Structures are given as structure tokens and as C-alpha cells.
Amino acid sequence: MAAAIQSTTIEPAIIQWLVDTRPLWPVPPQSKPRDEVAQLKTVTTNNSFQASRALSLLTPTEQTSVLRYYHLKDAKMSLVSHLLKHLIISKYAPISWANSTISRDVHGKPCFNPPLPSQPGMDFNVSHQAGIVSLIAVVGIGGRDKIEVGTDVVCWNERLTHDYRSIEEEGFFKWVDIHADVFAASEVSYMKLAPVDIDHAPDGVIPNGFDKDKISRCQRRNEILKLGQEDGTIRISSNEIIDKKLRRFYACWCLREAYIKMTGEALLAPWLKELEILDVKAPAVNERLENVLMELIALGKGYMVGGAIRPAAKIEELQLKLGQWKHLDLEKDILAFSELNS
């Protein structure tokens, strides 16, 4: 259980928050998904607090936006996303929850524009997928120039059945090509052919030469690769290799999305095919773009979350580092704070 957030002197810091919405507000299955969403007005979690209590902390427009979702899981992520935006503003502007107005910048990204010119603004970014919501922000910088931030969450196995079916029909290379329009050519080649580590090779055996080439060019499931240049006694399931390549693809996707969301220019940016993020290892990245902090971490087996920071000043001058993502407890860390600062 996360400890409650306490108001303290605001020091320059990168804020990285996560909320898992999956256990929140379970409702009985309904014949229509929208009927499940409607129950957010009354449903209670663990006999503790009602979703209506969380909804009441949003503006009427935001409440309408949440309840407009077709599926309950999407409505819950939207609700928590709004709460996190208000929390970051109320806690670090600092300003009362009621006055934590969420604005949009020129690219449509959420931000905080203070009511007084003397007060510092704030840029932040949120992402959500498969029940996990992330927020990243830089606080305590005062009157410094704009700091761009971006985050992305991926669940690499959320669509596994669909991905497997496509790969089994067309092969991994063609599956990657489906998404090639948003990657640089070098990234596409890297995701297809870069070597992957093998978990179940005999101790001390490191594939090389023709064996490494077999692994790199593997793109079919349900096959056995016979390795070992002399007798082929090392047998590796192609399923392990394809899973490694799939996870690497989604790691590349996550970092790329975090960077693009940081800039605010989305997938239609004219420089998109020129952006290269290479040497990505799930869940870590080995290469950093100039004056940009980027990081990717694993959340359990299925999730990865990425963060990207780019200040107008040199990163070295700010002495900021990406750290651990803090898991927030909805009731203790968000609702309780909002009620103390209403």
C-alpha cells in the first residue's frame, strides 16, 4: 500500500506516478457495456469508497467525458487520468483542488496555465493502457523555460492472440511492416533482425555465426531451431524467439510514443521517419538522444512504461534524473489529498 502524499517544500524533481485501475470499482456484468459504465455513479470498492466520490472531484465536463466511454475499463482509466492531472497541479502549483484548472498548449497537450503571470506554469503528460495509468511532470523549476515531458504505457501481451494469429499467417517481418510507416527504416530493420538473448540455451553456449543468423531471421512460431554448427544438438523453440522480438517491438513503440508525446506533435510529425531510437533492450534502453532523458522499465511480466524529458536548458544544469515510478493508492494518495486541499 502506498504511503499518503504529504505537502512539502517543492524541490526540483521529476514526478513519476502510476495507478492500477484494474481492481477499482468492480461491477456485475451487464448485457450492455454502457450499463456497466453507468454504475460508476454508485459502485463501491472494497466497501470503502464510492466511484461517485472520485467523480465528484472532476468538473461537470470531465464527468460527462468519463461516463461517455463505451467500456468500463476505459472509463476508469479516464477518471484516474483526470484525477492525476488535478493532483499534480494542486500539489505542486500549489493551488486549491477547486482551482486546479487543466488547460491545453498549442499542440493540445494538457498543462497548467496559472491565473497570475507571476506564478509558474506546469507541463505534464499522461498515458494509459490495459488498466495502468501513468503521469510524468517536472516540478519546482520556478520561472525557467518550458520543460517538455512525455510518457507511454504498453502491455505487450494484451493483443497476444491477435498478434500470434497475424504472425502465423504472414510471418514476423510482415507483421512489423504493418507498423513501418511510423518507424525509421533503421528501426524496422533492427526490430526484425537484431539478435535476441536465448534463455534456455545450455550453460556456456553462446550462439554465433550461422546460429546467430538463424535466430535473427526467425519469424515463425511453433518451430524448433536446431543450433550448433557441428551436430545441431541445441534445440530452441521459435516461440521463445518470437516472444522476445514481440516484446522488443513494444519496447521500441513505448519509447517512441513517449518521445513523440513529449514533443506534442503526434504521429503526423514531418520528422517522424527521421527519428531513430536504436539499441533498445526490453525493458531498458542503451542510447539517449541529445539533451533528452529517456527511460523504459518493466512493470511485471506484461507491462512497460516509458518516460521522456527535454528542457530548454541543458539537462546537466538542472541535475534531474528519472527515478522510480511511484504507485499511488487512490483513496489515501489522491482522494484524501483532494479533500484536504479543496
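Provided above is the structure to which this section pertains.
Anyway, here's the lowdown on the structure attached to this text. Source: prediction; values computed, not measured.

1. What about the sheet that holds strand 8 (residues 147–155)?
Here's step 1: Taken together, 3 strands build an open sheet; the order of strands is 8-14-13 and the sheet is antiparallel. The sheet terminates laterally at strand 8 and strand 13 (293–299), the two strands that pair on one side only. Averaged over all adjacent pairs, the angle separating strand axes in this sheet is 10°, with direction ignored.
Here's step 2: Two elements, strand 8 and strand 14 (residues 303–311), share 9 bridges in a ladder whose sense is antiparallel. Across the sheet, residue Val 153 finds its bridge partner in strand 14, namely Val 305.
Here's step 3: Packing of helix 9 (residues 238–263) onto the sheet brings it into contact with strand 8, strand 13 and strand 14, and relative to strand 8 it is tilted by some 150°.

2. A look at the sheet that holds strand 1 (residues 13–20)
Here's step 1: Read from one edge of the open sheet, 6 strands run 4-5-6-7-1-15, paired in mixed fashion. With partners counted over all chains shown, the strands left at the sheet margins are strand 4 (103–104) and strand 15 (326–327), one partner each.
Here's step 2: Pairing geometry for strand 6 (residues 122–129) and strand 7 (residues 132–139), over 6 bridges, is antiparallel. In the strand pairing of strand 7, His 128 is matched with Val 133.

3. Examining the environment of Pro 12
Here's step 1: If you trace the backbone, Pro 12 turns up in the segment before strand 1.
Here's step 2: When its relative accessible area of 40% is taken as the criterion, Pro 12 is described as partly exposed.
Here's step 3: Separated by 128 residues in the primary sequence, Pro 12 and Gly 140 place their C-alpha atoms 4.1 Å from one another.
Here's step 4: Setting aside residues no more than four positions away along its own chain, Pro 12 makes contact with Val 139, Gly 140, Ile 141 and Leu 320.

Reading guide: rules and limits
Residues numbered from 1 in each chain as written. Predicted model: local features only at pLDDT ≥ 70, side-chain atom pairs only at ≥ 80, totals over all residues. Heavy atoms only, no water. Pairing = 2+ DSSP bridges. Helix = DSSP H or I, 4+ residues; strand = E, 2+ residues; numbered from the N terminus. Axes fitted to C-alpha atoms, helices over the stretch in contact; angles between N-to-C directions. Contact = heavy atoms within 4.5 Å. Buried < 20%, exposed > 50% of the residue type's maximum accessible area, 1.4 Å probe, protein only.

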